[in-house]
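Each chain is listed here by its residues.
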Amino acid sequence: MDAACGEDSLQVTSSFRTDSPVGEEEAHLYVERAEDRRIAADIGRGRYVTLLGARRTGKTSLLLKLRRELLGEGHVPVYVDLSLIGDANEDAWYRYLTGILDAGLNAETRAGGVGQIRDSVAFRQVLARVSRHLQPSRQVVFLLDELGALPLALLESALSTIRAMFNERKTSPEFRRYRFVMAGNFDPDDLVPESGISPFKVTSRIYTSDTGRDGVAEVVRHLERSGFLVCDEVVSAVYHWTGGDLYLTQRLCSLLERTQANSITRQLLARAVYDVISDEAVRDVIQRLHRWPEGRRAVRRILTGTAALNFNRASHIVSRLELIGVIRSDDAGYCAVRNEVYRKALLEWYGGLELRAGENRRGYGPLLPTKGAIGTGSPSGTQIGLASAMSSGTMVA
């Protein structure tokens, strides 16, 4: 068993990122997942990509990392945060787009100012002109973040333009170097129901995922920078509760870091877990369910195990629940609550003995044992292994 998990713990601020995307300065906190590799591969093959996921699942962090990588490879990434548009009209939208292109393309290509773009035709003309100033091997990759935030009137025009550029690559060589990555928290079929103008029909559709235990360990071991000695039992405990949700993992670690405790005790972890269960991100998920009766009923069935629900994104209910962030696919291909943090929060929200009995039948253990530093190996009997303690029936009040 490992030695004590923490001694002479020090307070270190901002070691974890919970209030904004992971940028270049915090790159050591970034955990690579399968979608990172898949997006890079699709871009290299000339494909357009749709990146979908619940809020706080790392979509923006992934785009920023992709931007750095593309720059390092000599390509021209153009990052566009569409949440900044707000309720802008068409003129304001094209002024914003002109500024983005001036900054993102002009400096790279020295093609001269792009000029004021006033409509989709001018936008395509600018891109065609810029293309002629680039070396053949250089790609221009538009990273469109928070696509669903764009007002509907502007969205339809933008998406039909992207689809037209994709279609014209066969006859217009200047458009072949362009790729688009469209990211957000939306159902593509709801956003653009007309298939003829929808670029989503011709893109690779990629979903953000939670990380595995090794990814959680990468994050948790940054507690060592604050003086903690992180043992395997702490990693296992964090993974048990967050299920690889990177936001919740960083949030839990940030709460532990702020304690300035001398060691990571069971009580310390228990308090941090309870705080995470009431986190704003968890409350947001529950509030979105509260406004959607059909979704509430589906989650209730998943919680109680009264009816198995196949994890099939062709189902509007399943797709929406995933984008809310409350479910995942289990190993058998059925819907499961995404992690134990959400499970506990949902059980409290629903209330009722039937749900709690259902949870017990599934064999989920208690929160954490009541005493002792995790992993100390003390002969007193209070520092028992976390795995056995989770099945001992002891709850922290």
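Look above for the structure.
Each residue is numbered by its place in its chain's sequence as written, counting from 1. Restriction of local features to residues with pLDDT of at least 70 applies here, the model being predicted, together with a cutoff of 80 or more for giving and counting side-chain atom pairs; totals for whole chains, interfaces and linings are based on all residues. Derived side-chain values reflect all non-hydrogen atoms in the structure, with water molecules and hydrogen atoms excluded from consideration.

A. Fine view of the pairing of strand β4 (residues 178–184). Type-normalised accessible area, obtained with a 1.4 Å probe on protein chains alone, sets the label of each residue: buried when under 20%, exposed when over 50%, and partly exposed for intermediate values. Helix and strand labels come from DSSP, where a helix needs a run of H or I of at least four residues and a strand needs a run of E of at least two; each type is numbered from the N terminus. Taken across its seven residues, β4 has seven buried, putting it largely inside the fold. Here β4 shows two buried faces, one formed by Tyr178, Phe180, Met182 and Gly184 and the other by Arg179, Val181 and Ala183. Pairing of strand β3 (residues 140–145) with β4, which is carried by five bridges, proceeds in the parallel orientation. Residue pairing for β4: Val141 is matched across the bridge by Arg179. Strands qualify as paired when DSSP identifies two bridges or more between them.

B. Region of the structure containing the packing of aromatic side chains. Under the pairing criterion, centres of Phe, Tyr and Trp rings, with the six-membered ring standing for Trp, must be within 6.5 Å; the plane angle then separates stacked pairs below 30 degrees from edge-to-face pairs above 60, leaving the rest tilted. A complete count under the given rule lists nine aromatic pairs for this structure. Three or more aromatic residues link up through ring pairs in this structure, and these residues are Tyr48, Phe123, Phe142, Phe166, Phe175, Tyr178 and Phe180. Cation placement over rings: the criterion is NZ of Lys or CZ of Arg within 6 Å of the ring centroid and within 35° of the ring normal. Looking at Arg313, its charged tip hangs above the ring of Tyr207, at a distance of 3.7 Å from the centre. Positioned above the aromatic ring of Trp292, the side-chain terminus of Arg320 is 4.1 Å from the ring centre.

C. Representation of the environment of Glu322. Along the chain, the position of Glu322 falls in helix α13 (residues 316–324). Residue class for Glu322 comes out buried when judged on its relative accessible area of 13%. Between the alpha carbons of Glu322 and Cys335 there is a distance of 9.3 Å; along the sequence they are 13 residues apart. Note on definitions: a residue-residue contact is assigned when non-hydrogen atoms from the two residues lie within 4.5 Å. Beyond its immediate stretch of four places on either side in the chain, Glu322 contacts Ala54, Tyr207, Phe311, Arg313 and Ile327.

From the geometry alone we can't say anything about function, so treat these as descriptive.
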